Amino acid sequence: MKFRHKVLLINIILISLALSVSGFLMMSRQNKIMMDAQVKNAVTENNLVQSVMEYSLLDTINNDPIHLADVLPDVSQQVSAGILNDSTQLFVRYDQNIVYTTNKELSLPSVLNDEVTTTYKKKYVLTEEGNKDYIYINSTSTIDSHVLNIITKRDITDTKQLMNNSVRDFRTFIIIMLCISGLFIFVFSKILTRNLEKLNSVTDEFSEGSFNTRSDIKSGDEIGLLSDKFNHMADSVENHIDELSDMIHRRDQFVADFTHEIKTPMTTIIGYADTIRSVDLPREDEILAANYIVSEGKRLEQMSSHLFDLIYLKDGEIPKQEVNTRGLGEAVIDTVLPSIEKAGLTLTYDFENANIIGDSPLLKTAFINILDNARKASEKGDEISFTGKYIPSDKKNEESDKYIFTVEDHGIGISEEDIEKICDEFYMVDKSRSRKEGGAGLGMSLVSAILKEHNADLKIESKLGEGTRMIVTFDCTMYEEEE
C-alpha cells in the first residue's frame, strides 16, 4: 500500500471516529432534552387532570354522597373533553378496574395494568404500539379508602420521528463529510508525497546504474533533508566507485607493466643462456653473455625485492620506534657512497641531530632509492647533496617540531607532467637511462608508500636541465643539542 493511501485511510478512520463520537454525544444529549421535555409536558398534563378530577369528585361527594364508581365515568368524560387534546387519551382505574377510557378498544400496558400501587409517586412508561410511540403517566389518589389511578396516554410519535430524522441526517452528514474530507486528504497527500515519488524515481535510476543522478528537491522539511542525505550518499558511492574503477585500472596497468618489465630481462637471460648452451663461443663472448645474464638477473632480483616491500607496506603492520636522524643519514651514506663515487659524482652531506618515529630499515630504503635516482639523473662531475635540518615549531599555530631531509642534484631535471606521475608503479622519466641502470620504475612508488606509512610529506621541486630537489618532512619528537 502506498504511503498516500495509508495517510488517506488513517485520516478517514480518525475523522470518522471523531465525528461519530462527538455526534453520538451531541445527539444523545439533544434526544434526552427533547424526551425530558415530553415527559415534563405529559406529567404536567396528568397533574392537571388529576387535580380537576379530585376537585370534581370531592365536590360531587359533598353535594350528593352517592357511590363514587357510578359518577366516575361522567366526571372523567367531562374532564377529558374539557382539558385533553386529541393526542392524549385518558384511562381511569378505580379499585383495579378500569371505569373509563376515551377509547375502549385500547388497553393499558401490562406494567401499568398489573401494578397495584397506593403511593402518590407518579410513574411513566414509554411504549411503541404499531407505528406509534406513546408515553403513559400514572397518578395515584386515595378517595374514601379507595385507590384511584388516573392514567394519561400522550402521543409522542412526532418527537420520536424528529429524533430519528436527526440521527439519519447526522449519518448522512458524516458520510458527506467523510467523502469531502477524503477527497481533500487524497489531494493534499498526493501533493505532500510528490517529492517522495520524485525521490523514489531518482533512487530507481541510481540503483539501475546511473550513478551521476541526483535529487533536485529543495524544501525545509524532512523530505528535503532526506534528499540532501541521498545526494551526499550518492556522492560518496560515486566517489567509491571511481576509486574502485581507478584501483582496478591501476591493478590491470600494474599487471601489464610488470609483465612487460619482466619480459625484457627474461628474454635477455634466456637468449644469452641458450647461446652459451648451444654455441661454442670465445671466452670473451662467454664472459660478456654471462655478464648480461647476471645484470638482468640482478634487475629481476631488485624488482622482486621492491614488489615484496610494496606488498608488505600495503598489507602489513609496521612497528615503529625512535630513529636518530644523524644515524639514519650516515647509514644511507655508507650504502650509496661507493656507487656515487664510481659514477664520478660528488656527495656532500650534513645532518642535525634529532629523533623521529619510524622503521629505520624502511626509511633507509626510501632514501637510498631517492639518492639512487639522483645518481641516475646526474652526469659525471656533478654534485649531489643530502642534508637533514631541524625546524622548531611555531607555538602560535600549535604545530609540532619538524625535521626536513633534502636530496638535491644538478642533473637532467623532471618536467611538471612527470612529477605528477613519478610515484606511479613502473613509471620511468627516462626509460632508456633507467633500463641502462637496471631500474624497473618501482623505486619512487616504494618511496611514496614508505613515506605515506610514516605520515611524512614529500615535495618535489625540479626544472628541466637544472636539477631536482626532493624535500621530505617528518614530525620530530626530540632535538638533541650538539656536544
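Definitions and cut-offs
- Residues numbered from 1 in each chain as written.
- Predicted model: local features only at pLDDT ≥ 70, side-chain atom pairs only at ≥ 80, totals over all residues.
- Heavy atoms only, no water.
- Helix = DSSP H or I, 4+ residues; strand = E, 2+ residues; numbered from the N terminus.
- Buried < 20%, exposed > 50% of the residue type's maximum accessible area, 1.4 Å probe, protein only.
- Contact = heavy atoms within 4.5 Å.
- Areas by Shrake-Rupley, 256 points an atom, 1.4 Å probe, with all protein chains shown as cover.
- Pairing = 2+ DSSP bridges.
- Axes fitted to C-alpha atoms, helices over the stretch in contact; angles between N-to-C directions.
- Phe/Tyr/Trp six-rings, centres within 6.5 Å; stacked < 30°, edge-to-face > 60°.
- Lys NZ or Arg CZ within 6 Å of the ring centre and 35° of its normal.
- Expected span 1.5 Å × (residues − 1).
- Polar contact = N/O pair within 3.5 Å; in protein donor to acceptor, adjacent residues only side chain to side chain.

Draft legend 1. Just the overall build of the protein, in detail. Tallying secondary structure elements over the protein gives 12 helices and 12 strands in all. Counting only residues that meet the buried cut, the protein has 36% of its 483 residues in that class. Within the protein, counting contacts between residues at least 6 apart in sequence, those at least 24 apart form 66% of the total. For the protein, the exposed area adds up to about 29100 Å²; of that, 54% sits on carbon and sulfur atoms.

Draft legend 2. Here's a closer look at the environment of L58. Residue placement: L58 occurs in helix α1 (residues 3–63). Here the alpha-carbon distance between L58 and I143, two residues 85 residues apart in the chain, equals 8.6 Å.

Draft legend 3. A look at the sheet that holds strand β5 (residues 146–155). One open sheet accounts for 5 strands, arranged β2-β1-β5-β4-β3; its pairing is antiparallel. Every other strand in the sheet has two partners, leaving β2 (97–101) and β3 (123–129) as the edge strands with one partner each. On average, each strand axis in the sheet is tilted by 25 degrees relative to the strand beside it, whichever way the strands run. Examined bridge by bridge, strand β4 (residues 132–143) and β5 share 10 bridges and lie antiparallel to one another. In the strand pairing of β5, I135 is matched with R154. Contacts from helix α2 (residues 68–83) reach β1 (88–94), β2, β4 and β5, with the element oriented near 170 degrees to β1.

Draft legend 4. How the structure looks around the packing of aromatic side chains. A complete count under the given rule lists 11 aromatic pairs for this structure. Linked through ring pairs, Y349, F351, F367, F386, Y403, F405 and F474 together constitute an aromatic cluster. When the ring centre of Y134 is taken as reference, the NZ or CZ atom of K153 above it lies at 4.2 Å.

Draft legend 5. Representation of unusual backbone geometry. The backbone of N455 sits at a positive phi, close to 55 degrees, despite the residue not being glycine. By the element assignment, N455 lies in the loop between α12 (443–453) and β11 (457–463). Classification of N455 as exposed rests on a relative accessible area of 65%.

Draft legend 6. Broad picture of the pairing of strand β8 (residues 354–358). Most of β8 sits out of view: 4 of its 5 residues are buried. Looking at chain direction, strand β6 (residues 321–324) and β8 are connected through 4 bridges and run antiparallel. Across the sheet, the residue bridging to Q321 is G358, located in β8.

Draft legend 7. Quick peek at helix α9 (residues 360–377). Spanning 18 residues, α9 covers 26 Å between terminal C-alpha atoms, matching the ideal 26 Å at 1.5 Å per step. Along α9, the residues that are buried comprise L362, L363, A366, F367, N369, I370, L371, D372, A374, R375, K376 and A377.

Draft legend 8. Spotlight on the environment of R277. Here R277 lies in helix α6 (residues 222–278). In this structure the side chain of R277 is engaged in a polar contact, spanning 2.6 Å, whose partner is the side chain of D274.

Draft legend 9. Quick peek at helix α8 (residues 325–342). End to end, α8 covers 26 Å across 18 residues, agreeing with the expected 26 Å (1.5 Å per residue, within 8%). Taken together, the buried positions of α8 are T325, L328, G329, V332, I333, V336 and I340. The opening residue of α8, the one whose side-chain oxygen lies 3.1 Å from the backbone nitrogen of R326, is N324. Remark: G344 follows α8 within two positions and exhibits a positive phi of approximately 80 degrees.

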